[in-house]
Amino acid sequence: MTRRHRRHGHRSVAAAGVAVALIWGCATAGNARPSDASPGAFERAAEQAAAEFGVPKEVLLGVSYESSWWEANDGRPSTKGGYGPMHLTDTTSGSTYDHRPGEGPVDATGTDDPSEHTLETAAAMIGVAPPALQRDELQNLRGGAALLASYQRQITRRMPSDPGSWYGAVAHYSQAADTAAAERFADGVFEVIRSGRQKVRKDGQKVSLAQSPSVRPTRSQLASLGLRASTSAAAPECPSELTCRFVPAAASNYQVSTRDSNGMDVNFIVIHDLEGSYDGGISWFQDPASGVSAHYVMKADGSAATQMVATKDIAFHAGNYWTNLHGIGIEMEGYAAQGPTWFTPAQYKATAALVAYLAKRFDVPLDRKHIIGHGNVLPPRPSRAPDAHWDPGPYWDWESFMALLDADQRTQPRNHPEREAEKGGARADIGVGQAVAIAPEFGKNAQTVTVCAPTCRSQTQPSNFLYVRTEPRADAPLVSDLALRPDGSAGSRRIDDWGSTVVWGQEFVVADIRGDWTAIWFGGQKGWIHNPAGVNTRPAPDSRIVRPASGTTSVGVYTTAYPRAGEYPQGLPPSAQTRFTMYKFPQGQAYVAARASVGSDDFFPATPSRPEVTVTGDQTYDVIQYNRRLATVNTAETD
């Protein structure tokens, strides 16, 4: 394979015109009418809907929790096309929307499969216009209850009060096509019912479901649904709880390797979004003309995963070949800029299960230096920075996702969505020179971005990032990223202008504190984040901080860790270790590095006349959180 192919990165599925999935309906987004904001209102609405249609309240609340975490999401559709707390689907209500500048349009159309139109079916059952079920929580709950009741009558011809006798109806509600996926959804619902849940919604409502450990689901009802058995053409590398299959990517879209037995360690798991549909993404990676691939593709409803490249092999997904050498790429069905869409709980849970499985297998630390987004990867050369992707975008809830991974020593972390509680008061004190993690609470961190496609509009909603400013005041300019803006002009609020933002879980060193503002060393400069009483950060006392070595004026900033030219065997062309000369790391600044440095290395796949070759050098590098993205620095230049 040529060196040109070795440098491929991720290309948007939408750019090829193969994306087919829901986007949001402009006429309804943002017009949600919650039942009301007082404590207990959501529960009362659920109880009313359950009583009207003869559904046990526990079942309705359990299905709603498993479908949406009891959130209405302001009337916006999920990546699967589901609306409201009951996740009623409608995949044809969107319109064409140019997602990211330069990446082509997003196709809004879905299919005519009934599973993608439960909202319309439910609306007809309760005699309400479909748009009302998108915006009104009570009508959404009524529609979901009506569907559950209809499924129950089909299965048992009766309406029992025992929640366990509704197992088949709950499984049917998942709209799954195979037994394993339906069973997984139903088991999740009944785990919620048996163990109970408490949650504070984004609008402040407290919702609770008392535990019912005596409930015994009638799992034998699953057979009556007539679903197909799960099959797999090959043995995928997946945790047992996921429905996985193996569909190989085009042979030219990845490299055959023998990681990690050949010394190429897996250090990163990279989360992407497809900018299109599940099936479209799979087709794109099967197309030799695309030149790209990922190891896994995740369906938006969490019901299926497709592995396309073996983990021992090198997929072309990150836009940086050295990162590809050491990374596993996971593509999710969904969109990064579609503010009015949301990733489903099932997708978070399925992706977390896969990441935890891979992290355990390859000994990848469960932290945000190693579990990263595509938007945390710098390209290998400065000239490619303006085109660098920034998925999974501002609306991927890293806080909840990392909690699902049980990243804090495999215990239940404070911010787990299933154990969320009221939070108040200042966080622990922080001081200059200490490391902090960016940690705004997702549900309360409303940020405004500008989306231009092609006309520009603003959208404000819960987000995973904070803006970084040049001075400690709200009207100060955003910091400039010289790789994006060589003229030094201020950053903007455009959703694709990633150079002046930090994302949940990233760690930085405190440079200064003034009132409600905290300065961090960020991209070679002092950048300020709004952080009253430390609410948007948390201390990171175990972080490893690196500084320029004594006698070193400035540390070189790179994004790869290749050997030096003289360390390559004869006949194998060396990869360029390009320095980002516009980036500075001078004396007086400090950055947080991954817990262990990495060796310099490169890879050449086998040919008919030569076995695969792993080239290693004698220099080592630290991977640091330099700005929004990771960078590498030579350990010989740092302390």
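Residues numbered from 1 in each chain as written. Predicted model: local features only at pLDDT ≥ 70, side-chain atom pairs only at ≥ 80, totals over all residues. Heavy atoms only, no water.

Concerning the sheet that holds strand β10 (residues 296–298)
- Within the open sheet, the 6 strands sit side by side as β7-β11-β10-β13-β9-β14. Their pairing is mixed. The open sheet is flanked by β7 (244–246) and β14 (371–373), the only strands paired with a single partner. In this sheet, neighbouring strand axes are inclined to one another by 25° on average, regardless of whether the strands run parallel or antiparallel.
- Summarising the sheet, β10 and strand β11 (residues 305–307) pair through 3 bridges and their orientation is antiparallel. Paired with Met 298 across the two strands is Ala 305, which belongs to β11.
- This element, helix α9 (residues 278–286), spans β7, β10, β11 and β13 (327–332) of the sheet and lies at about 165° to β10.
- In the packing of helix α11 (residues 345–362) onto the sheet, the strands contacted are β9 (268–273), β10, β13 and β14, and the crossing angle to β13 comes to about 170°. (Pairing = 2+ DSSP bridges. Helix = DSSP H or I, 4+ residues; strand = E, 2+ residues; numbered from the N terminus. Axes fitted to C-alpha atoms, helices over the stretch in contact; angles between N-to-C directions. Contact = heavy atoms within 4.5 Å.)

Here's the deal with the side chain of Asn 320
- Mapped onto the secondary structure, Asn 320 falls in the loop between β12 (314–315) and α10 (321–325).
- Within the structure, the side chain of Asn 320 is placed 2.8 Å from the backbone oxygen of Leu 378, a separation counted as a polar contact. (Polar contact = N/O pair within 3.5 Å; in protein donor to acceptor, adjacent residues only side chain to side chain.)

Topic: the packing of helix α2 (residues 41–53) against helix α3 (residues 57–68)
- Closest axis-to-axis distance for the α2/α3 pair is 9 Å, and the angle between their directions is 120°. Judged on the interaxial angle alone, α3 and α2 are oblique. Seen along the crossing, α2 lies across α3 with a hand that is right-handed. The segment α2 lies against α3, with Phe 42, Glu 43, Ala 46, Glu 47, Ala 49 and Ala 50 engaging Lys 57, Leu 60, Leu 61 and Ser 64.
- For the contact of α2 with α3, a count of residues per class yields 6 nonpolar, 1 polar and 3 charged. (Parallel < 35°, antiparallel > 145°, perpendicular 65-115°, else oblique. Left-handed = near helix turned anticlockwise from the far one by under 90°. Nonpolar A, V, L, I, M, F, W, Y, C, P; charged D, E, K, R; others polar.)

Things to note about the state of the cysteines
- Tallied over the full model, the rule gives 2 disulfides.
- The disulfide that involves Cys 238 links it to Cys 244, with 2.3 Å between the sulfurs. The sign of the -100° torsion about the S-S bond sets the Cys 238-Cys 244 disulfide as left-handed. With respect to class, Cys 238 is no different from Cys 244; both count as buried.
- Residue pairing for Cys 452: its cysteine sulfur links by disulfide to Cys 456, the two sulfurs lying 1.9 Å apart. Disulfide Cys 452 to Cys 456: torsion about the S-S bond roughly 110°, handedness right-handed.
- Assessed through its relative accessible area of 11%, Cys 452 is described here as buried. (Disulfide = S-S within 2.5 Å. Buried < 20%, exposed > 50% of the residue type's maximum accessible area, 1.4 Å probe, protein only.)

Let's talk about the pattern of salt bridges
- Evaluation of the coordinates by the stated rule reveals 22 salt bridges.
- Sharing partners across several salt bridges, the network here consists of Glu 43, Glu 47 and Lys 57. (Salt bridge = Lys/Arg side-chain N within 4 Å of Asp/Glu carboxyl O.)

So, the pairing of strand β26 (residues 598–604)
- Within β26, 6 of the 7 residues are buried, which leaves it mostly tucked inside the rest of the structure.
- The pairing of β26 with strand β27 (residues 613–625) spans 6 bridges and is classified as antiparallel. Bridge pairing in β27 places Phe 604 opposite Val 613.

So, the pairing of strand β16 (residues 446–452)
- As judged from the 7 bridges shared by β16 and strand β17 (residues 456–462), these two strands associate in the antiparallel manner. The residue of β17 that forms the bridge with Thr 448 is Thr 460.
- If you look at the hairpin formed by β16 and β17, you'll find 3 residues sitting between the two strands.

Let's talk about the packing of α3 against helix α6 (residues 137–156)
- Their axes nearest at 11 Å, the elements α3 and α6 cross at an angle of 110°. By the angle class used here, α3 and α6 are roughly perpendicular. For the pair α3 and α6, the sense of crossing is right-handed. Seen from α3, the contacting residues are Val 59, Leu 60 and Val 63; seen from α6, they are Leu 141, Gly 144, Ala 145 and Leu 148.
- Taken together, the residues that form the contact of α3 with α6 break down as 6 nonpolar, 1 polar and no charged.

So, the packing of aromatic side chains
- On inspection of all chains with the given rule, the structure shows 18 aromatic pairs.
- Here the aromatic rings of Tyr 65 and Trp 70 are separated by 4.8 Å at their centres, their planes lie at 75°, and the arrangement is edge-to-face.
- The class of Trp 70 is buried, set by a relative accessible area of 0%.
- Taken together through their ring pairs, the aromatic side chains of Trp 69, Phe 343, Tyr 348, Trp 396, Trp 398 and Phe 401 make up a single cluster.
- For the cation-ring pair, Arg 368 lies above Trp 398, with the distance from its terminal atom to the ring centre recorded as 3.8 Å.
- One residue, Arg 629, lies across the ring of Trp 498, its end atom 4.0 Å from the ring centre. (Phe/Tyr/Trp six-rings, centres within 6.5 Å; stacked < 30°, edge-to-face > 60°. Lys NZ or Arg CZ within 6 Å of the ring centre and 35° of its normal.)

A word on the environment of Glu 183
- In this structure, Glu 183 sits in helix α8 (residues 179–195).
- For Glu 183, a relative accessible area of 31% puts it in the partly exposed group.
- A C-alpha to C-alpha distance of 9.3 Å links Glu 183 and His 172, two positions 11 residues apart in sequence.
- Non-local contacts of Glu 183, meaning those with residues more than four positions away in its chain, are made with Tyr 167 and Leu 222.

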